[in-house]
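# Architecture at a glance
Each chain is listed here by its residues.
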Amino acid sequence: MSVTCQPEQSLFSSFVNPPSDPSSLISKKINYRLGTFTNEMDYTEIKTEKMEDDIDLGSQERAKLFRNKRMMASIPFQYMLPLQSVLQIDRDKFEAIKGFRVNPTELLTYSNLLLNPTIEEQYTGLVALTKLISIEKPQYQDIFDSGVVPIIKDFLVSPVSELVYQALVFLTNLSFGDIKDISEITSQDGLIRVIACLDSRIEEIESQAIWLLGNLMEKREIRNELKRQKVYDKLTVILSTTESDNVAKQSIWTLNQYIKKEKTSLPYMKVSPLLPSLVRWIFKAQNNDKLIENALSLLTLIQESFREATPFLVNTNILPQLMTILSSNDKRIVLLGLRMFGNIILGNANETQIVIDIGLLSYLKMTLKHECKAIRKETGWILSNISGGTQQQIEEIFKCGIYAAILGQIHNDCHDVQYELFWAVCNLTSSFQHENIAKLLDGGIIHFIKQFIDNQKSTVVNLGLEALSNLLQYGQTYWRDEMGENMVVKMLEQCGLLDILEQLQYSPNQDTYEKVVELIRRFFPTTEEEAINVFN
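Keep in mind that this is a model prediction, so the values were computed, not measured. (Residues numbered from 1 in each chain as written. Predicted model: local features only at pLDDT ≥ 70, side-chain atom pairs only at ≥ 80, totals over all residues. Heavy atoms only, no water.)

### Side note on the side chain of Ser-111
Here Ser-111 lies in helix α6 (residues 107-113). Side-chain polar atoms of Ser-111 contact the backbone oxygen of Leu-107, separated by 2.8 Å. Residues contacting Ser-111, with those up to four places away along its chain left out, are Leu-129, Ser-146 and Val-148. (Helix = DSSP H or I, 4+ residues; strand = E, 2+ residues; numbered from the N terminus. Polar contact = N/O pair within 3.5 Å; in protein donor to acceptor, adjacent residues only side chain to side chain. Contact = heavy atoms within 4.5 Å.)

### Considering helix α34 (residues 510-523)
With 14 residues, α34 extends 20 Å between its outermost C-alpha atoms, agreeing within 8% with the 20 Å of an ideal straight helix rising 1.5 Å per residue. Buried within α34 we find Thr-512, Val-516, Val-517, Leu-519, Ile-520 and Phe-523. Here the buried residues of α34 occupy an arc of 165° about the axis, which is enough to place them on one side. (Expected span 1.5 Å × (residues − 1). Buried < 20%, exposed > 50% of the residue type's maximum accessible area, 1.4 Å probe, protein only. Arc of directions from axis to C-beta.)

### Side note on unusual backbone geometry
Its identity is not glycine, yet Lys-230 carries a phi of approximately 55°, on the positive side. The class for Lys-230 is exposed, based on a relative accessible area of 53%.

### Overview of the packing of aromatic side chains
Summed over all chains, the structure comprises 9 aromatic pairs. An angle of 75° between the planes, with centres 6.5 Å apart, marks the rings of Tyr-419 and Trp-423 as edge-to-face. Here Trp-423 and Tyr-419 lie together in helix α28 (residues 415-428), a separation of 4 residues that amounts to about one turn. Grouping residues by exposure puts Tyr-419 and Trp-423 together as buried. (Phe/Tyr/Trp six-rings, centres within 6.5 Å; stacked < 30°, edge-to-face > 60°.)

### Structural notes on the nonpolar core
Leu-174, Ile-302, Phe-341 and Leu-360 are the most contacted members of the largest nonpolar core, which has 161 residues in total. Apart from the residues within four sequence positions on either side, Phe-341 is in contact with Leu-319, Leu-322, Met-323, Leu-326, Val-355, Leu-360 and Ile-382. (Core = buried A, V, L, I, M, F, W, Y, C linked by side-chain atoms within 4.5 Å.)

### Observations concerning helix α10 (residues 161-174)
Quick reminder: α-helices carry 3.6 residues per turn. Residues three or four places apart thus point the same way. Compared with an ideal rise of 1.5 Å per residue, which puts 14 residues at 20 Å, α10 spans 20 Å between its outermost C-alpha atoms and is within 8% of the ideal. When you tally the buried positions in α10, you get 14 out of 14 residues, the bulk of the element.

### Examining the pattern of salt bridges
Per the stated rule, a full pass over the model turns up 17 salt bridges. The residue Arg-332 makes a salt bridge to Glu-293 at a minimum N-O spacing of 3.6 Å. With a gap of 39 residues between them, Arg-332 in helix α22 (residues 331-345) and Glu-293 in helix α19 (residues 289-305) connect regions that are remote in the sequence. For the pair shown, Arg-332 and Glu-293 are each scored as buried. Among the charged side chains, a salt-bridge network with shared partners connects Lys-290, Glu-293, Asp-330 and Arg-332. (Salt bridge = Lys/Arg side-chain N within 4 Å of Asp/Glu carboxyl O.)

### Description of the confidence of the model for the chain
This prediction gives the chain a mean pLDDT of 79; 77% of its residues lie at or above 70. In the model, residues 1-89 has pLDDT below 50 throughout and makes 226 contacts with residues more than four positions away in sequence or in other chains. A low-confidence stretch, residues 529-536 (pLDDT under 50), is modelled with 7 contacts involving residues beyond four sequence positions or located in other chains. (pLDDT = per-residue confidence, 0-100.)

### Overview of the packing of helix α31 (residues 458-478) against α34
Orientation of α31 relative to α34, taken along the N-to-C sense of each, is 15°, at an axis distance of 10 Å. With respect to each other, α31 and α34 are oriented roughly parallel. Handedness of the α31/α34 crossing: left-handed. Residues Ser-458, Val-461, Asn-462, Leu-465, Glu-466, Leu-468, Ser-469, Leu-472, Gln-473 and Gln-476 of α31 pack against Asp-511, Thr-512, Lys-515, Val-516, Leu-519, Arg-522 and Phe-523 of α34. (Axes fitted to C-alpha atoms, helices over the stretch in contact; angles between N-to-C directions. Parallel < 35°, antiparallel > 145°, perpendicular 65-115°, else oblique. Left-handed = near helix turned anticlockwise from the far one by under 90°.)

Listed below in structure tokens is the structure:
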């Protein structure tokens, strides 16, 4: 009969105070809730590791998730029309343009179309140039040398909305080029004109202008100008008031780019107004995976950059919604949701207890077996921190049965996932309940400790030695044979761990040496002569 985790308390139930018991060796050492964390990194290192972590989605998917600039490879004609045009335009003529094929050698011809007095010809020129710069390996320098960029920037103030929109699309793709060429777009009031498009009442123009501004964030001087123009404040207001999925998606992405670059100079009070808007869009955009992904990405960025954001998330109704996100078919959404929960668990014991109470462990059972390695690894990382928490939280892991899933997965997964689960099972040995230790021994924990501490770095070896100490203490107290001998000692002898312990006596790491010597002294009685041989 399978056991599922049911929350026993509501989201806002009274907090549980963590017990303080010095006999819990590993829990005492590894419960780094308020400074450094389970994997012996400080908060900055944890954030850096998360940003640099290979999420194993494949190079194409990873580029989609993390790249700083985005390019429109093709512009669907149906997307551009109908816009609210000030002038009456022959739609049939515009319809004919959508199948227009460009010739890379006709740059001058397309540029001259922009000078034609008819709107249809100007539009044809803009579409042609946009397609030209959207081809594989576009010749950016030829575009700049042609002198066409200043002409296209003039279309940003055109009374014809189709021309404004298409000019923005062209400039967005142009901004995907070399960072040194961005100044061509922003010079001569170009940036001011793009910012002015934020006040457009036309959704397509507004969202495209926001997208372009996100691509321009690379240069510090441009960000400084955006500060002077209060663009960050404008985007914050837009996000809080818009009902358009597309405008919201672009706003969130551009704000993400800005905060990534400026987070060290931004006070929390400047980013905190974004949190309610992001929560709103996660609830609102239930069928828009890309918008949910953008919102989660920005939420995790704020959370990892500003510790004050976690209490806000804990005290809103966002957490139950995030639980359902963990069952999404989109692995990027699942990964971002897990990272948000991981960041909450890096807080204090009360915040950790809240996410346990609303059923997180039930979802972790599922994500622990996910086909994506990065999701399994993140799940293991979360479990390693929960198991390094209070005795109540350790007991929850045993109570809901996820400990068995951990032991099952740890024998079959890749090394990166095993590493995280190793921390989890070692932390679990600090349980005060001897029945729980028996479950770990039955699950083969000793075999895995042997496998993992052999030829590993000292941090892992020392963790394994502390876990062995807890297991041996359990055997000495609760599990002896008819001759009074420690059964855990016999298990270590049978699997060859004693040979590894002997080798570790010669470790250059002082902590490792001291832990091994203490283990042998406490749990492996020898004669005086044998002791001399062992320790010399």
